[in-house]
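Given next are the chains, with one letter for each unit.
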Amino acid sequence: MVFSNNDEGLINKKLPKELLLRIFSFLDIVTLCRCAQISKAWNILALDGSNWQRIDLFNFQTDVEGRVVENISKRCGGFLRKLSLRGCIGVGDSSLKTFAQNCRNIEHLNLNGCTKITDSTCYSLSRFCSKLKHLDLTSCVSITNSSLKGISEGCRHLEYLNLSWCDQITKDGIEALVRGCRGLRALLLRGCTQLEDEALKHIQNYCHELVSLNLQSCSNCHDLEKMDLEECILITDSTLIQLSIHCPKLQALSLSHCELITDDGILHLSNSPCGHERLRVLELDNCLLITDVALEHLENCRGLERLELYDCQQVTRAGIKRMRAQLPHVKVHAYFAPVTPPTAVGGSGQRLCRCCVIL
């Protein structure tokens, strides 16, 4: 019995076990460990797996070794939903295999900086952790394409994956990943220097729900001709700077609904080799920060053939007219809010609404 007649704590006599467990569920791991030292009764309650559904060991990273992770997994079991081992360089494949076997309901796992882990860990996650939605493998430099193949087969509910600085990853690994994990909403590939144009094509073909894509410092896409970033809402001018530098053959670019793009990003794009020589199609629908200034920058894109500006609310007819004076061959598709004149006194005049303007 947790509550015996010999237990002198008044709180234990007055409060039922269920209520104490509920109270403990709001405590952080340090406080729980302190409570576990109060009495035998509190030790059992504080270390109950239901109180350990979310664990962040970053503040203890220098002390965490494999056996710590194994003990946590055995105690928490199916209760554990979220675990962060960020910076825990003492944790390796063996302990994470035990973790995967015991904690099969894990949904959020952060292994950022766990440099000892290899493909073996991803095999374990694939085999036992089918509910995984969020996985961070940043700087796990031993990870290869085999890991991505395993993840794609066993973790099909994955929504977020960070592979930044996993520089052994190639287009073959990306293809295997996106074929199996088609629900990905965020894919971070910063510093994956072996990626080529083909990897982006695979992402475009299979990741239709993708919202965030980070390709910073991936500099091997020199032959890229078409790129669709529509509704990648976290894309900023920094992405356009990277495209301007590393994608000189870019001909078609969709940035529709990338609401953080500004005139400065268009400036970098229009002044780049692809802007001057190659760019034919640019889609900027619903880029709310774009103004007539961006259209002035685009006058440098002498080969531009089509420009989409639907719902660019700061773009004016006058700005489009000025740009077309310099680029008479370009087709501009734009939308302007209807202009409804006041009702004429003594009768109804003609309504002058024209929403869709194709110039």
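Details of the structure are given in the entry above.
Peer 1: Would you mind going over the side chain of Ser95 with me for this structure?
Peer 2: Here Ser95 is to be found in helix H6 (residues 93-102). A polar atom in the side chain of Ser95 sits 3.1 Å from the backbone oxygen of Gly92.

Peer 1: Sorry, what's going on with a positive patch on the surface here?
Peer 2: On the surface, a cluster of positive charge is contributed by Arg54, Arg81, Lys82 and Lys131. Here Arg81 shows up in the loop between helix H5 (66-76) and strand S2 (82-84). Assessed through its relative accessible area of 30%, Arg81 is described here as partly exposed.

Peer 1: Explanation requested: the pattern of salt bridges in the structure shown.
Peer 2: Oppositely charged side chains can pair when the atoms bearing their charge come close. Inspection of the entire model under this criterion finds eight salt bridges. Taking the shortest distance from any N to any O, the salt bridge between Lys171 and Asp172 comes out at 3.4 Å. Linking Glu305 and Arg280 is a salt bridge whose minimum nitrogen-to-oxygen distance equals 3.8 Å. With a gap of 25 residues between them, Glu305 in the loop between helix H14 (292-297) and strand S11 (306-309) and Arg280 in the loop between helix H13 (273-277) and strand S10 (281-283) connect regions that are remote in the sequence. Judged by its relative accessible area of 28%, Arg280 is partly exposed. What emerges from the salt-bridge pattern is a single network uniting Glu283, Arg306 and Glu308.

Peer 1: What am I meant to see in the packing of helix H11 (residues 237-246) against helix H12 (residues 263-270) here?
Peer 2: Pairs of packed helices are described in terms of their axes, by the angle between the two and the distance that separates them. H12 packs onto H11 with a crossing angle of 0 degrees between their chain directions and a minimal axis gap of 8 Å. In terms of their interaxial angle, H11 and H12 are classed as roughly parallel. Together, Asp237, Leu240, Ile241 and Ser244 of H11 and Asp264, Gly265, Ile266, His268 and Leu269 of H12 make up the contact between the two elements. Tallied by class, the residues present in the contact of H11 with H12 amount to four nonpolar, three polar and two charged.

Peer 1: It is not clear to me how the sheet that holds strand S4 (residues 134-136) should be interpreted in this structure. Could you clarify?
Peer 2: Working definition: the strands of a sheet are paired by backbone hydrogen bonds and lie parallel or antiparallel to each other. Strands sit in the order S1-S2-S3-S4-S5-S6-S7 across an open sheet of seven strands; the sheet is parallel. Looking at the sheet topology across the chains shown, the edges are occupied by strand S1 (54-56) and strand S7 (212-214). With direction set aside, neighbouring strand axes in the sheet form an average angle of 5 degrees.

Peer 1: What is the right way to read the packing of H6 against helix H7 (residues 119-128) from this model?
Peer 2: Contact pair H6 / H7: the axes reach a minimum separation of 9 Å and the direction vectors enclose 5 degrees. When the interaxial angle is binned, H6 and H7 end up roughly parallel. On H7, the residues that touch Asp93, Leu96, Lys97, Ala100 and Gln101 of H6 are Ser120, Thr121, Ser124, Leu125 and Phe128. Residues belonging to the contact of H6 with H7 are distributed by class as follows: four nonpolar, four polar and two charged.

Peer 1: Where do I start with the pairing of S11 in this structure?
Peer 2: Regular strands place their side chains on alternate faces of the sheet. As paired elements, S10 and S11 share three bridges and run parallel to each other. Each residue of the ladder has a partner; that of Glu283, found in S11, is Glu308. Tracing the backbone out of S10, into H14 and back to the parallel element S11 gives a crossover that is right-handed.

Peer 1: Before we go on, may I ask you to explain the environment of Ile290 in this structure?
Peer 2: Along the polypeptide, Ile290 turns up in the loop between S10 and H14. Sequence separation between Ile290 and Thr262 is 28 residues; the distance between their C-alpha atoms is 5.3 Å. If we ignore the near neighbours within four places in the chain, the residues touching Ile290 are Ile261, Thr262, Asp263, Ile266, Gln314 and Val315.

Reading the values: the criteria
Each chain has its residues counted from 1, running along the sequence as written. Residue-level local features of this predicted model are given only where pLDDT is at least 70; pairs of side-chain atoms are given and counted only at 80 or more, and the full residue set underlies all totals for whole chains, interfaces and linings. Side-chain metrics in this entry use all non-hydrogen atoms of the structure; hydrogen atoms and water are not considered. Only DSSP runs of H or I covering at least 4 residues are called helices, and only runs of E covering at least 2 are called strands; the numbering of each starts at the N terminus. Whenever two N or O atoms come within 3.5 Å, that pair is a polar contact, provided that in protein one can donate a hydrogen and the other can accept it, and provided that, for residues adjacent in sequence, both atoms are side-chain atoms. Two joining distances apply to patches: 9 Å for like charges and 5 Å for nonpolar side chains (Val, Leu, Ile, Met, Phe, Trp, Tyr), and every residue must have over 30% relative accessible area and no salt bridge. Values of accessible area rely on a 1.4 Å probe in the Shrake-Rupley scheme; residue burial ignores everything except the protein chains shown. We define a salt bridge as a contact between a side-chain nitrogen of Lys or Arg and a carboxyl oxygen of Asp or Glu at a distance within 4 Å. Neither His nor the chain termini are counted; the positive set is Lys and Arg, and the negative set is Asp and Glu. By convention, charge coordinates are those of NZ in Lys, CZ in Arg, CG in Asp, or CD in Glu. Each residue is assigned to one of three classes by its accessible area relative to the maximum for its type, calculated with a 1.4 Å probe on protein chains only: buried under 20%, partly exposed between the two thresholds, exposed over 50%. The axes are straight lines fitted to the C-alpha atoms, using for helices just the contacting stretch, and the angles between their N-to-C directions are given from 0 to 180°. Any angle that is under 35 degrees is reported as roughly parallel, and any over 145 degrees as roughly antiparallel; angles of 65 to 115 degrees are reported as roughly perpendicular and all others as oblique. Residue contacts are defined here by distance: any two heavy atoms, one from each residue, within 4.5 Å place the two residues in contact. Following the grouping adopted for this structure description, the nonpolar residues are Ala, Val, Leu, Ile, Met, Phe, Trp, Tyr, Cys and Pro, the charged ones are Asp, Glu, Lys and Arg, and the polar ones are all others, Gly among them. For two strands to pair, DSSP has to find at least two bridges joining them. With its strands directed away from the observer, a crossover is right-handed exactly when the path from the first strand over the helix to the second travels clockwise.

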